[in-house]
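# Per-entry structural report
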Amino acid sequence: MSINPISSLGALPPVGQTQRAAGTQGAGFGEAVTQGLDRLDQLQKVSDTKAVEAVTGQLSDVHDYTIAANQAAVATQLTVAVRNKAVEAFTEIMRMPV
């Protein structure tokens, strides 16, 4: 018994058309960026709170602070990388001839 991989392609929409799952409204790019920045802010606040708790001796496990600080650092790096790519894309679009 052989499987024909080409036969499964018949279910794909034509090029240039997209399908949305039933019941989804699809958040816009701006909303996704806003949610990402809100999440970054929350991670940084948690990291700051854990740092204060560690300094004052209220933190029972130092690993909690280490994890929170690393999560905030990685989220910040990701945000900066996305911003850099967006600026690069915008700059490239502006260079295109009209």
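In case you missed it, the structure is sitting above this.
Residues numbered from 1 in each chain as written. Predicted model: local features only at pLDDT ≥ 70, side-chain atom pairs only at ≥ 80, totals over all residues. Heavy atoms only, no water.

As a further point, take the pattern of salt bridges. Tallied over the entire structure, the rule returns two salt bridges. With a shortest N-O distance of 3.2 Å, Asp 41 and Lys 45 are connected by a salt bridge. Of this pair, Asp 41 and Lys 45 both sit in helix H1 (residues 29-56), separated by four residues, roughly a single helical turn. Put simply, Arg 95 and Glu 92 hold a salt bridge, and the shortest N to O gap is 3.6 Å. You can see Arg 95 and its partner Glu 92 sitting in helix H2 (residues 62-95), three residues apart, about one turn around the helix. (Salt bridge = Lys/Arg side-chain N within 4 Å of Asp/Glu carboxyl O. Helix = DSSP H or I, 4+ residues; strand = E, 2+ residues; numbered from the N terminus.)

A few words now on the packing of H1 against H2. Relative to each other, H1 and H2 sit at 150°, their axes nearing to 8 Å. By the angle class used here, H1 and H2 are roughly antiparallel. Every pair of crossing elements has a handedness; the one defined by H1 and H2 is left-handed. Here H1 contributes Leu 37, Leu 40, Leu 43, Gln 44, Val 46, Ser 47, Lys 50 and Ala 51 to the contact with H2, which in turn contributes Asp 64, Tyr 65, Ala 68, Ala 69, Gln 71, Ala 72, Ala 75, Thr 76 and Thr 79. Considering only residue class, the contact of H1 with H2 consists of 10 nonpolar, five polar and two charged. (Axes fitted to C-alpha atoms, helices over the stretch in contact; angles between N-to-C directions. Parallel < 35°, antiparallel > 145°, perpendicular 65-115°, else oblique. Left-handed = near helix turned anticlockwise from the far one by under 90°. Contact = heavy atoms within 4.5 Å. Nonpolar A, V, L, I, M, F, W, Y, C, P; charged D, E, K, R; others polar.)

As a further point, take H1. Between its first and last C-alpha atoms H1 spans 41 Å; for 28 residues at 1.5 Å apiece the expected length is 40 Å, and the two agree. Those residues of H1 lying buried are Leu 40, Leu 43 and Ser 47. For H1, the elements touching its buried residues are H2. Among the residues trailing H1, Gly 57 stands out with phi positive, at a value near 85°. (Expected span 1.5 Å × (residues − 1). Buried < 20%, exposed > 50% of the residue type's maximum accessible area, 1.4 Å probe, protein only.)

We now examine the environment of Gln 71. Along the chain, the position of Gln 71 falls in helix H2. Judged by its relative accessible area of 42%, Gln 71 is partly exposed. Taking the C-alpha atoms as reference, Gln 71 lies 9.1 Å from Leu 40; in sequence the two are 31 residues apart.

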